[in-house]
Amino acid sequence: MTVTRSVIRGCGSHLPSRLVTNEELAKTVDTTDEWITSRTGIKQRYLVGDDELTSDLAFGAANAALEQAGMTPDDIDLIVLATTSADETFPATATTLQARLGMDHGFAFDIQAVCSGFVYALSTADSFLATGKAKAALVVGAESFSKLLDWDDRGTCVLFGDGAGAVVLEAQPGEGTNADRGIIATKLHSDGRLHDALYVDGGPSSTQTTGKVRMKGKEVFRHAVENLASVVREVLDEAGMTMDDIDWLVPHQANKRILDATARRLNFDPDKIVVTVDRHANTSAASVPLALAEAVGDGRIQPGHLVLMEAMGGGFTWGACLARW
Ligand code: ACO
């Protein structure tokens, strides 16, 4: 029996136009470029304007991904959009995107797994494609996360940015050159007992407000390094591979120190890690596809390369995805 592979046909990204450096931030927040850079590696972030919506960012990224894939919205029959900063409590931002793309067919829904959202969305879309329930999927990570920040809390507001990234997956028979192309393995985890380490203190059923991000930074840091290293090992084991097989690691861009500590634990060459956190900050569900789009766009990721994506976020949620480009 021929297996079906979710082949990655294209990827794209979209950033808001407002660039805010650490120095600029330090004019309104009690912080310094030195503190932010030494603790996180972040030098700047892009932030949405008041009228700029998550769906606007998603639309830009989706169009860029479709263009690279040489496909149109007519070819897509599934949209999975990962976000924590939906335009509205309902409907899903994915259906707003579907309408903006002019689609009158297929189905679309959001995934909420905070910073792990894109890896969750990829894994979900892969399952729909593998079981024949869809033929081609737009998988989007899009966030206007800055709208969830408490700008009086310097421990969190300096860490995040806004943006969107997207990939187009197409179901293809896993034969010939496709035999090991596309998504090879995914692994997802969550542990709701760790809610208090990272959450938003509001929502429709609790406060009827949107709420703001609250975080115990040191606890997040410790769990992130442990969980990311272990889920990477799990996904490699499932595929019968090792870190030596990986051409590029595209991690969730939370913090340069988390990236470095995880790579050390995995004994992985830092030169093979795609890093954008210095320029994008932590864009939650958008961070992995933004980094992917950059590394594909500048030619680092080439057809045939083995790419490992990983992420961890509030919940806690965490996961990894291994794909052959
Ligand atoms: N500017 C200047 N000083 C600050 C700032 C700031 N922006 N923020 C906190 N401080 C101060 C604190 O008030 C504290 O001062 P005090 O010692 O006088 O009380 C001091 O800096 C140290 O604060 P800590 O919170 O202990 O700093 P720490 O060394 O733990 O670094 C950080 C904080 C960077 C948040 C770190 O804990 C971290 O990286 N955690 C991971 C968090 C993360 O990445 N979250 C993203 C979401 S989850 C994910 O994506 C995986």
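Note that the structure is a prediction, hence the values are computed from the model and not measured.

J.: Would you mind showing me how to read the site of the ligand here?
T.: Contacts to the ligand come from 23 residues, most closely from T31, R154, K218, H252 and N255. In this structure, T31 approaches the ligand through a side-chain N or O atom, which is 2.6 Å from a nitrogen atom. Between the ligand and the protein, one listed contact pairs an oxygen atom with a side-chain N or O atom of K218 at 2.6 Å. Alone, the ligand offers 1,000 Å² of accessible surface; in the complex the protein occludes 73% of this. A molecule is said to occupy a pocket when more than half its atoms come within 2 Å of that pocket's grid points, and by this definition the ligand occupies the second largest pocket. Within the residue set of the shell around the ligand, elements represented by two or more residues are α2 (33-40), α6 (154-157), α7 (217-239) and α8 (256-266). Sort the elements by how many residues they give to the shell around the ligand and α7 lands first, with four residues. Each of domain 1 (3-174) and domain 2 (182-324) accounts for three or more of the residues forming the shell around the ligand.

J.: Looking at this structure, I do not really get unusual backbone geometry. What am I missing?
T.: With glycine set apart, most residues show a phi of negative sign, and most peptide bonds adopt trans. The step from F90 to P91 runs through a cis peptide bond, and the omega angle for that step is 0°. Examined against the element boundaries, P91 turns out to sit in the loop between β4 (78-82) and α4 (93-100). The residue A281 is not glycine, and still its phi comes out positive at about 60°. Owing to a relative accessible area of 0%, A281 belongs among the buried residues under this scheme. Non-glycine residue S284 carries a positive phi angle of around 55°. Looking at the secondary structure, you find S284 in the loop between α9 (277-280) and α10 (287-297).

Cut-offs applied
Each residue is numbered by its place in its chain's sequence as written, counting from 1. Owing to the predicted nature of the model, reporting of local features is limited to residues with pLDDT of at least 70; listing and counting of side-chain atom pairs is limited to 80 or more, with chain, interface and lining totals taken over all residues. Calculated side-chain values reflect all of the structure's heavy atoms, with hydrogen atoms and water omitted. Only heavy atoms are used to decide nearness, and a residue is near a molecule or strand if one of them lies within 4 Å of it. Any pair of N or O atoms that falls within 3.5 Å is considered a polar contact. Within protein, one atom must be able to donate a hydrogen and the other to accept it, and sequence-neighbouring residues count only if both atoms are side-chain atoms. We get accessible surface area from the Shrake-Rupley algorithm with a probe of 1.4 Å; when it comes to residues, only the shown protein chains can shield them. For cavity detection a 1 Å grid was placed over the protein atoms alone, and a set of points counts as a cavity when a 1.4 Å probe fits there but cannot get out; an open set counts as a pocket when protein lies on both sides within 12 Å along at least five of seven lines, with lining residues being those that have an atom within 4 Å of a point. Any molecule with more than half of its atoms within 2 Å of a cavity's or pocket's grid points is counted as sitting in it. A run of DSSP states H or I qualifies as a helix once it reaches four residues; a run of E qualifies as a strand once it reaches two. Both are numbered from the N-terminal end. As used throughout, domain bounds are those supplied by an automatic or database domain assignment. The buried label goes to any residue with under 20% of its type's maximum accessible area, the exposed label to any with over 50%, and the partly exposed label to all in between, with areas taken from a 1.4 Å probe on protein chains only.

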